[in-house]
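# Remarks on the overall topology
Take a look at the letters that make up each chain.
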Amino acid sequence: MNIIIAGDGKVGATLTRLLCAEGHNITLVDTNSRVLEKSQEQYDVMSVHGNCAAMDILLQAGVKSADLLIAATSADEVNLLCCTTAHGLNPKLHTIARIRNPEYTAQIYKMRNIYGLSMLINPERQAANEIERLLKYPGFLRRDVFAKGRAEIVELRIDAKSKLCGVQLMDMPGIVKCRVLICAVLRDGQALVPNGTFTFQEGDRVFVTAPTKDLTTLLKNLGIITRRVRSCLLCGGGRVCIYLATALQKSGISVTIVEKDYGRCQQLCEALPDASVIHGNA
């Protein structure tokens, strides 16, 4: 694929490394010529020095023949304008933009066709979502959602006190008392697909898939979690905090935020009127 990466910072550099390894044709656009020179020395890429939101710069980068544009500069507004301009020059172009500001969330979703966005990436919101899921189900090492949120795949670790330690897979339903599917077991660095006679051992990492509603039953019957989180203290009032606090409040969890910047505290009070905000050093 012919891919344009707008912004050669940490995200852009990582994307360049990964995509070059897969054999894609990469063109980098950035206002910092030194960064571009460094990337050219490391990877087989083309580079264009200039503002990625400018039409002339995008044309120099070959936007009309590109298959994908990834806008990953540090400014949300530049990323949006870059994708909008690029899509106007090439309507068949797929665009991905990194947008971090919570104020743009609803607006971008409703107007994504106008902006010409194929996909939106928000690292802070994704981090907040992951933290929120782990707070809901702290017994899981990892959780991934699929089937539009109707099912999840989770990772459990078997320790010596686990109810599953020494138990065969065929006997598991009588213990967990819910319908789950064991996808794989990671043991000593090897992935195993268990059958009915498979016996769980201490140290096993078990990957389970089940409807979301059955996960609570699974944790409860395994004795991993006995009570739900009811309140949470967040230290630092950045973007992740706003996304996380909003999600926690929707789940019925009370939120207290500690932030040392007084001006930021005022902004948090406006954005999160139901949260308690404390001005101080956490």
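This structure is a prediction, so every number in the text was calculated from the model and none was measured.

What counts, and at which threshold
- Throughout, a residue's number is its position along its own chain's written sequence, starting from 1.
- Selection of residues for local features in this predicted model requires a pLDDT of at least 70, selection of side-chain atom pairs for listing and counting requires 80 or more, and totals for whole chains, interfaces and linings are taken over all residues.
- With hydrogens and water stripped out, all remaining heavy atoms of the structure feed into the side-chain values.
- Elements are defined by DSSP. Helices are runs of H or I of four residues or more, strands are runs of E of two residues or more, and each kind is numbered from the N terminus.
- Any pair of nitrogen or oxygen atoms within 3.5 Å is treated as a polar contact; in protein, a donor-acceptor pairing is required on top of that, and neighbouring residues in sequence qualify only through side-chain atoms on both sides.
- Residues count as neighbours in contact if any of their non-hydrogen atoms are within 4.5 Å of one another.
- Strands are labelled as partners when DSSP assigns at least two bridges between them.
- For every element, the axis is a line fit to its C-alpha atoms; helices are fit only across the contacting stretch, and the angle between N-to-C directions ranges from 0 to 180 degrees.

### A look at unusual backbone geometry
With a phi close to 55°, lysine 177 is a non-glycine residue in the positive phi region. Within the secondary structure, lysine 177 sits in the loop between α8 (173-176) and β9 (181-187). The backbone phi angle of aspartate 188 is positive, close to 55°, even though this residue is not glycine. Looking at the secondary structure, you find aspartate 188 in the loop between β9 and β10 (190-192).

### A look at the side chain of threonine 16
Relative to the helices and strands, threonine 16 is located in helix α1 (residues 10-21). A distance of 2.7 Å separates the side chain of threonine 16 from the backbone oxygen of glycine 12, its partner in a polar contact. Those residues in contact with threonine 16 that sit more than four places away from it in its chain are Ile5, Asp8, Ile26, Leu28, Tyr43 and Val45.

### Looking at the sheet that holds strand β12 (residues 231-235)
Strands sit in the order β12-β13-β14 across an open sheet of 3 strands; the sheet is parallel. Each edge of the open sheet carries a strand with a single partner, namely β12 and β14 (276-279). With direction set aside, neighbouring strand axes in the sheet form an average angle of 20°. When strand β13 (residues 254-259) meets β14, the two strands line up parallel, connected through 4 bridges. Bridge pairing in β14 links isoleucine 257 to valine 277. Packing of helix α10 (residues 239-250) onto the sheet brings it into contact with β12 and β13, and relative to β13 it is tilted by some 160°. Relative to β14, helix α11 (residues 262-271) is tilted by about 175°, and along the sheet it contacts β13 and β14.

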